[in-house]
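# Structural features, examined
Residue-level listing of the chains:
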Amino acid sequence: FTGETTYEWRSVFNFAPTTIVLIWTPVIFAVLAVSQFVRGLQYLKLCATYTRTCVFHTIMCMFGAFGYAGNLGICVGSVHAITAFLALLCVCMFKGKDHNIETQNILV
């Protein structure tokens, strides 16, 4: 790699903390969200109850979707906002009960 070609490559793949956070945040959030559908990769502390699901999708839409990818980020963030609202609705409907979400393994 010469000096002219490494600039673009190093703008994505480097160990600068600000670059890692800015570029790789949506990828990390997406991997966490998709892993909830794979039996071996589920992290139940993240989305085991409706309250946790609401918090996860609210954080994801605000910090992992709306600010990225232009209009696609707005569309994806809106889907997460609707999901967070529906989870909040379930929390209100089942008030006083700690309902666990029955995880149905769609992918595996």
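Above this text sits the structure in question.
Everything in this summary refers to the structure shown in the same document. Owing to the predicted nature of the structure, the values given are computational and were not obtained by experimental measurement. (Residues numbered from 1 in each chain as written. Predicted model: local features only at pLDDT ≥ 70, side-chain atom pairs only at ≥ 80, totals over all residues. Heavy atoms only, no water.)

## Comments concerning the packing of helix H2 (residues 17-35) against helix H4 (residues 50-63)
Which entries qualify depends on this criterion: Each axis is a line fitted through C-alpha atoms, taken for helices only over the stretch in contact, and angles between the N-to-C directions span 0 to 180 degrees. Strands are runs of DSSP state E lasting at least two residues, helices are runs of H or I lasting at least four, and both sets are numbered from the N terminus onward. Throughout, the term roughly parallel applies to angles under 35 degrees, roughly antiparallel to angles over 145, roughly perpendicular to angles from 65 to 115, and oblique to all others. Definitions for this section: a left-handed crossing has its near helix turned counterclockwise from the far helix by less than a right angle. A right-handed crossing has that turn clockwise. The contact criterion used is simple: two residues touch if any of their non-hydrogen atoms lie within 4.5 Å.
Between H2 and H4, the least distance of the axes is 10 Å, while the angle of their chain directions is 155 degrees. The angle between the axes of H2 and H4 places the two elements in the roughly antiparallel class. Pair H2 / H4 crosses with left-handed handedness. Residues Thr25, Phe29, Ala30, Leu32 and Ala33 of H2 form the contact with H4, whose own contacting residues are Phe56, Ile59, Met60 and Phe63.

## Side note on the side chain of serine 35
Put simply, the test is: Note on classification: 1.4 Å probe, protein chains only; a residue is buried when its accessible area is under 20% of the maximum for its type, exposed when over 50%, partly exposed between these limits.
Within the secondary structure, serine 35 is located in helix H2. Under the relative-accessibility criterion, serine 35 is labelled buried at 9%. Ignoring sequence-local partners within four residues, the contact set of serine 35 consists of Leu41 and Gln42.

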